[in-house]
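Structural characterization, general
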Amino acid sequence: MSDSSWTRVPSTPSAPPAPGRDLVPGLLRSLDPLLRGWLPRQRWFAGKGLPIGRFGLAAATELVPPGGRLGPLGLLHLLVDVEQPGRAPDCYQLLLGAHPLLPPALVRAALGPAVGGPYDGLTLYDAPHDPRLAALLLERLRLPGRSGPLRFTAEPHAEFPPGLAPRVSTAEQSNTSLVYGDAYILKLFRRVSPGTNPDLELSLALARAGSTRVAEPVAWFEADDPRGPDAGEPFTLGVLQRYLPGSQDGWALALASVEEDGDFRAEAAGLGRATAEVHASLAAALPVRPLGGPALERIAAGMARRLDETAAEVPAVRPYAGALRAAFDDLAKAGAGGAAGAGPGQVLVQRIHGDLHLGQALRGPDGAWVLIDFEGEPARPLAERRRPAPPVQDVAGMLRSFDYAAHHSGNGPWAARHRDAFCSGYAEVAGLDPRDQPVLIRAFETDKAVYEARYEARHRPAWLPIPLSALARLASTP
Ligand SMILES: Nc1ncnc2c1ncn2[C@@H]1O[C@H](COP(=O)(O)OP(=O)(O)O)[C@@H](O)[C@H]1O
Ligand SMILES: O=P(O)(O)O[C@H]1O[C@H](CO)[C@@H](O[C@H]2O[C@H](CO)[C@@H](O)[C@H](O)[C@H]2O)[C@H](O)[C@H]1O
């Protein structure tokens, strides 16, 4: 169904002009100075610290409610390409509002006044912070169909009521989420690329398979490839999922336990069981295949390459680089031996969470763990994040997280007990104990700690000592 009343001025720069006033002429020129000031201040902006080159407008759509009056009332939806030296252009999803005189509550969301272009004289602001525009987006999700290049889809059985009060989530996150009436949460992906985002793909697969370990998606929206609907895969832009009220994330719970030197082992084991259940459900729903020796060698080569790149970028990693390479050499050797030596049995690959850590696990008031954010590591290209991988990668991610919690609050011994409890819980369900795969687990844990060193150096330099202490430990493990 196409509901054109939702799109006042559908237009993409490469598409033929649509009826109505065209948004595009002058829009980018008027946005340019505002974006240069605003984008680098956003947590989700990936190119911090690098100069911004040119902007490109990949798509521009204005959403207004059916029967909406003409005027600066709509939600301006943009896909903007940003060129920066040393990185491939990034495409960002921007949702903007425009107002002649910004109400005080929206001042902190302001980009600034537009000069020229279709919004001349109006102040532009980040639309998720405006309850009226956030409500408009939810209304649009309730009606499957298209608005210009945007396509809105809802699960057939999903019924979500109108009028749920929106608020922007204050959680530390890589995207922007809106919570509606403590019933649904809409994640708006900020850096987007062609191809279904695994957060939608995997949570949908799990929910459709009846897994209770996931917050079910009820609706989502995508954009056609800006070159045209048949030119490439659509971009996933937003996913509306069930909100889990009263839940606490594993990171907060673990930190509280570390600080009082508490016993969190029952929860850690429960999390291990939940992780193994999710792996089993993903293996049942999506392809699984054995990993040949050469593929394992390629994985080891990728890890070694990431280590070299990280050592070049983060000087504090360099003293450990030589010794750390041994973990990847051992993995490559296991590959050369036809994957024998990697652990008992064949190494299988399947779809996994991809960036599992304590902050990605929510414990509900009933004590049950649910996993969220199946997006994979945000810095990796989408194609790589969607590739099947050994499930031990997720186990290694969670083991690193117990280590993080312990070292964050200076209680190293807490980590060992809880890492063991997590593995025991995992083994109970999976029938395979990750501790019986030392070559695999060491390589994946090292790779994750290397990733974390780069992540912390870029985003939270004060936290860099945490992965560095792990790298020191892993480098001295024979
Ligand atoms: N279904 C949910 N129910 C309750 N809270 C959620 C839900 N999904 C996410 N959250 C909260 O939002 C935060 C950010 O979500 P996440 O998916 O990790 O975003 P991002 O990928 O942008 O980092 C989580 O840490 C959690 O606190
Ligand atoms: O949650 P995201 O998908 O945005 O993941 C990124 O940010 C995480 C931090 O918020 C980062 O996780 C690292 O720090 C956690 C504590 O804050 C710790 O529990 C994790 O083990 C550690 O990796 C994650 O790596 C990054 O991709």
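Residues numbered from 1 in each chain as written. Chains lettered and ligands numbered in written order. Predicted model: local features only at pLDDT ≥ 70, side-chain atom pairs only at ≥ 80, totals over all residues. Heavy atoms only, no water.

Per an unreviewed UniProt entry, the recorded name for the protein is Maltokinase, and the organism is Actinacidiphila rubida. Looking at the Subunit (unreviewed entry) heading of the UniProt record, one finds this comment for the protein: "Monomer." The UniProt entry for the protein carries this comment under Sequence similarities (unreviewed entry): "Belongs to the aminoglycoside phosphotransferase family." (UniProt positions renumbered as here; feature names shortened; annotations may be inferred.)

With that settled, consider the overall build of the protein. Along the protein, the regular secondary structure elements total 12 helices and 18 strands. Here the protein has a C-alpha radius of gyration of 23 Å; the compact-globule value for 478 residues is 23 Å, and the two agree. If one aligns the C-alpha atoms of the protein with their principal axes, the spans along those axes are about 70 × 45 × 45 Å. Residues classed as buried in the protein amount to 53% of the 478 residues present. Of the accessible surface of the protein, which amounts to about 19,600 Å², a share of 57% is contributed by carbon and sulfur atoms. For the protein, the separation between the mean place of its 49 positive charges and that of its 52 negative charges on side chains is 3 Å. (Helix = DSSP H or I, 4+ residues; strand = E, 2+ residues; numbered from the N terminus. Rg over C-alpha atoms; globule rule 2.2 N^0.38 Å. Buried < 20%, exposed > 50% of the residue type's maximum accessible area, 1.4 Å probe, protein only. Areas by Shrake-Rupley, 256 points an atom, 1.4 Å probe, with all protein chains shown as cover. Lys, Arg positive; Asp, Glu negative; His and termini not counted. Charge placed at Lys NZ, Arg CZ, Asp CG, Glu CD.)

Bringing the sheet that holds strand β10 (residues 184-188) into the picture now. Taken in spatial order, the 7 strands line up as β6-β7-β12-β13-β10-β9-β8 in an open sheet, and their pairing is antiparallel. At either margin of the open sheet sits one strand with a lone partner, and together these are β6 (145-147) and β8 (166-168). Within this sheet the neighbouring strands show an average axis-to-axis angle of 20°, counted without direction. In terms of strand pairing, strand β7 (residues 150-154) meets strand β12 (residues 217-223) through 5 bridges, oriented antiparallel. (Pairing = 2+ DSSP bridges. Axes fitted to C-alpha atoms, helices over the stretch in contact; angles between N-to-C directions.)

Time to look at the packing of helix α5 (residues 265-285) against helix α10 (residues 412-430). With their axes 7 Å apart at the nearest point, α5 and α10 run at an angle of 40° to one another. Judged on the interaxial angle alone, α10 and α5 are oblique. The handedness of the crossing between α5 and α10 is right-handed. Contacts between α5 and α10 involve Arg265, Ala268, Ala269, Leu271, Gly272, Arg273, Thr275, Ala276, Glu277 and His279 from the first element and Arg417, His418, Ala421, Phe422, Gly425, Tyr426, Glu428, Val429 and Ala430 from the second. In the contact of α5 with α10, the residues fall into 9 nonpolar, 5 polar and 5 charged. (Parallel < 35°, antiparallel > 145°, perpendicular 65-115°, else oblique. Left-handed = near helix turned anticlockwise from the far one by under 90°. Contact = heavy atoms within 4.5 Å. Nonpolar A, V, L, I, M, F, W, Y, C, P; charged D, E, K, R; others polar.)

End to end, helix α11 (residues 438-459) covers 31 Å across 22 residues, agreeing with the expected 32 Å (1.5 Å per residue, within 8%). Summarising burial for α11: 16 of the 22 residues are buried, a large majority. (Expected span 1.5 Å × (residues − 1).)

Turning our eyes to something else, we now look at the site of ligand 1. The environment of ligand 1 is formed by 16 residues, the closest being Gln173, Asn175, Lys187, Arg242 and Leu244. In the model, a nitrogen atom of ligand 1 is placed 2.8 Å from a nitrogen or oxygen of the Leu244 main chain. Asp373 is positioned such that a nitrogen or oxygen atom in its side chain is 2.9 Å from an oxygen atom of ligand 1. With the chains in place, 87% of the 550 Å² that ligand 1 exposes on its own is no longer accessible. (Near = heavy atom within 4 Å. Polar contact = N/O pair within 3.5 Å; in protein donor to acceptor, adjacent residues only side chain to side chain.)

With 4 of 5 residues buried, β10 is to be regarded as a mostly interior element. Relative to β10, strand β9 (residues 176-180) is paired through 5 bridges, and the arrangement is antiparallel. Following the sheet pairing, Thr176 is matched in β10 by Leu188. Between β9 and the antiparallel strand that follows it, β10, lie 3 residues; Gly181 among them carries a positive phi value of about 55°. Taken together, the 5 bridges between β10 and strand β13 (residues 235-242) define a ladder with antiparallel strand orientation. Note that in β13 the partner of Lys187 across the bridge is Val239.

Next up on the list: the nonpolar core. Judged by nonpolar contacts, the single largest core of 65 residues is most densely connected at Leu271, Val317, Phe402, Trp414 and Leu471. The biggest single contributor to this core is helix α9 (residues 392-408), with 8 residues. Shared between two domains, this core holds at least three residues of each, these being domain 2 (138-242) and domain 3 (248-475). Residues within four places of Leu271 in sequence aside, it is in contact with Leu358, Ala361, Trp369, Leu371, Met398, Phe402 and Phe422. (Core = buried A, V, L, I, M, F, W, Y, C linked by side-chain atoms within 4.5 Å. Domains from an automatic or database assignment.)

Moving on, we come to the confidence of the model for the protein. On average, the protein scores 90 in pLDDT, and the residues at 70 or more come to 92%. Low confidence marks residues 1-21, where pLDDT is under 50. Its contacts with residues over four positions away, or in another chain, come to 56 contacts. In the predicted complex, the global pTM is 0.91; the interface-specific ipTM is 0.97. (pLDDT = per-residue confidence, 0-100.)

Glancing now at the sheet that holds strand β18 (residues 369-371). Pairing is antiparallel in the open sheet, where 3 strands are placed in the order β14-β17-β18. The two strands at the open ends of the sheet, each matched to only one other strand, are β14 (248-249) and β18. Alignment of strand β17 (residues 361-363) against β18, held across 3 bridges, turns out to be antiparallel. In the sheet register, Leu362 faces β18, and the bridge partner there is Val370. The strands touched by α5 are β17 and β18; relative to β18, the strand with the most contacts, the crossing angle is about 45°.

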